[in-house]
There are 2 protein chains.
Amino acid sequence: MPAAEPAPTGVRARARIEVRAAILAAAAKRVAGDGAADLSLRAVARDVGMVSSAVYRYFDSRDALLTALIIEAYDSLGDFVEEQVESTRGRPAAERWVDAALAVRRWALEHPNDYALIYGTPIPGYAAPDDTVASGTRASRALIGIVRETDRLDPIVSHHIEPVLAESFVALRKELGLDVDDATTLAVITAWSQLFGLLTFELFGQTRNFVSDDEALFRAAATSMAASIGLPMT
Amino acid sequence: MPAAEPAPTGVRARARIEVRAAILAAAAKRVAGDGAADLSLRAVARDVGMVSSAVYRYFDSRDALLTALIIEAYDSLGDFVEEQVESTRGRPAAERWVDAALAVRRWALEHPNDYALIYGTPIPGYAAPDDTVASGTRASRALIGIVRETDRLDPIVSHHIEPVLAESFVALRKELGLDVDDATTLAVITAWSQLFGLLTFELFGQTRNFVSDDEALFRAAATSMAASIGLPMT
DNA sequence: GTCTATAACGAGATAGAC
DNA sequence: GTCTATCTCGTTATAGAC
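Rules used in this analysis
- Residues numbered from 1 in each chain as written.
- Chains lettered and ligands numbered in written order.
- Predicted model: local features only at pLDDT ≥ 70, side-chain atom pairs only at ≥ 80, totals over all residues.
- Heavy atoms only, no water.
- Near = heavy atom within 4 Å.
- Polar contact = N/O pair within 3.5 Å; in protein donor to acceptor, adjacent residues only side chain to side chain.
- Helix = DSSP H or I, 4+ residues; strand = E, 2+ residues; numbered from the N terminus.
- Nonpolar A, V, L, I, M, F, W, Y, C, P; charged D, E, K, R; others polar.
- Least-squares fit on C-alpha atoms with pLDDT ≥ 70 in both.
- Contact = heavy atoms within 4.5 Å.

K.L.:
So what's going on with the protein's contact with DNA strand D? Which residues, and what values?
P.N.:
The full set of residues close to DNA strand D is L39(A), S40(A), L41(A), R42(A), R46(A), S52(A), S53(A), Y56(A), S61(A), R62(A) and V51(B). Sugar and phosphate atoms represent 48% of those atoms of DNA strand D found within 4 Å of the protein. At 3.0 Å from a phosphate oxygen of DNA strand D is found a side-chain nitrogen or oxygen belonging to S40(A). If you list the elements that add at least two residues to the surface near DNA strand D, you get α2 (41–48) and α3 (52–55) of chain A. With 3 residues, α2(A) is the single largest residue contributor to the surface near DNA strand D. The residue makeup of the surface near DNA strand D, split by class, is 4 nonpolar, 4 polar and 3 charged.

And the structure:
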């Protein structure tokens, strides 16, 4: 699990990695079908052709298996968004934001079960350990990177912000390496929640009764997010 | 389920209603503990002290029971928000919006399992019938009612909106009895998705690593939503 | 040392006979 | 309706194979 070592090349190690991947793949398939709450170590073991106790050589517990699945999903999304953000470096910030948002959406549509796993209802009886945090923030950090790399933001309307909130913003900006004012910080957070809120609505079926073209709506929303943050269009 | 009749007053009918309520309460408790995916008619029956076959006299299937639970949750939220919106009639629209948004949040915090049931990951193998739509849109309609009852909206920045999207907005506005332009329509939709997006993040644990005061953040976000829609502050 | 299989536990749900 | 046998679950102890 640490993966800290430089990955030994022996046959033993190779086999281990492959079996681990096979277990994860089978578990992902199970989650896709029955939902994460029902994930059973035994069923996964059966699918891979091993005995349940053997799985414990690879994962300490059912929760550890779930955690690995969650981290894998976060990293898949993180890879995808980071790559997208990087590939648009130099382009106007507003465009970059919209493209990155669309990338998040594309990933979510291609991996609906992974999306549900990480952004859906928490699994009863499962508490995510801190291991997930690093991977879990990659997509958000990539999006915020666009703001960070923008020299001069357009002016935006600023609202009054409570002192408690302003204080927490200071810590947050430090964490993210952001150098913007409180209004922009709030705009970034609301844009972020809007992006995933809209996506959650779409994927979980909340929009299907009145939205005919989800992508068009999402693109329009992303554009308005970029403007609300003050990302320049040129 | 229909509840269309004027509720007969006989003893028989009373008993039936009470048993129904007892079953629903037990089912809700189960959902709260194990998650909706695991809901088993038998378990619910046992909790209420009857045999599984008897439950079928009250609910046609497990899915019908789930549907009843979902409708109940939607109506609980709908009642709460509608009452809140009504009680602030006459006050400045921006204030009304913020108060209504806070009402949604309060309800969600008090009924986290109901919230997860209706806005969380879809239950594997369960398809919501159209019966849920009427109740499911009540909260949104109540929020939008604030916009509808506002005589003169403040001007907002307008973005370009794709023709496909503009066309779907026409139908949506007609459905909602709204008389606003495309930019405001988009602003309402993005505000709506932002509201529930932020709430979903909070309830599902996505904010707990960097937000210290969720209510303050939510209030600030709601205020900026009201402004983005152009709801006047006075 | 590393892995897998057998067997078993206690808990919980389920199915069927009565 | 009840009781009972049977199943699955997560997890561990143990013993043998590479």
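Text resumes after the structure shown.
K.L.:
Give me the relation of the copies chain B and chain A: which residues, what numbers.
P.N.:
When chain B is fitted to chain A, the residual RMSD is 0.1 Å, and the transformation amounts to a turn of 180 degrees plus an axial shift of 0.0 Å. Viewed as a symmetry operation, the transformation between the two copies matches a two-fold axis. When the interface residues of chain B are mapped onto chain A, 100% of them again fall at the interface, so both copies present the same face.

K.L.:
I'd like a rundown of the protein's contact with DNA strand C, residues and numbers included.
P.N.:
Close contacts around DNA strand C come from R16(A), R42(A), M50(A), V51(A), S53(A), R57(A), Y58(A), R30(B), S40(B) and R42(B), and that covers them all. What you see for DNA strand C is that sugar and phosphate hold 48% of its atoms within 4 Å of the protein. Separating a phosphate oxygen of DNA strand C from a side-chain N or O atom of R16(A) is a distance of 3.4 Å. Within the side chain of S53(A), a nitrogen or oxygen atom sits 2.8 Å from a base oxygen of DNA strand C. A breakdown of the residues in the surface near DNA strand C according to their chemical character gives 3 nonpolar, 2 polar and 5 charged.

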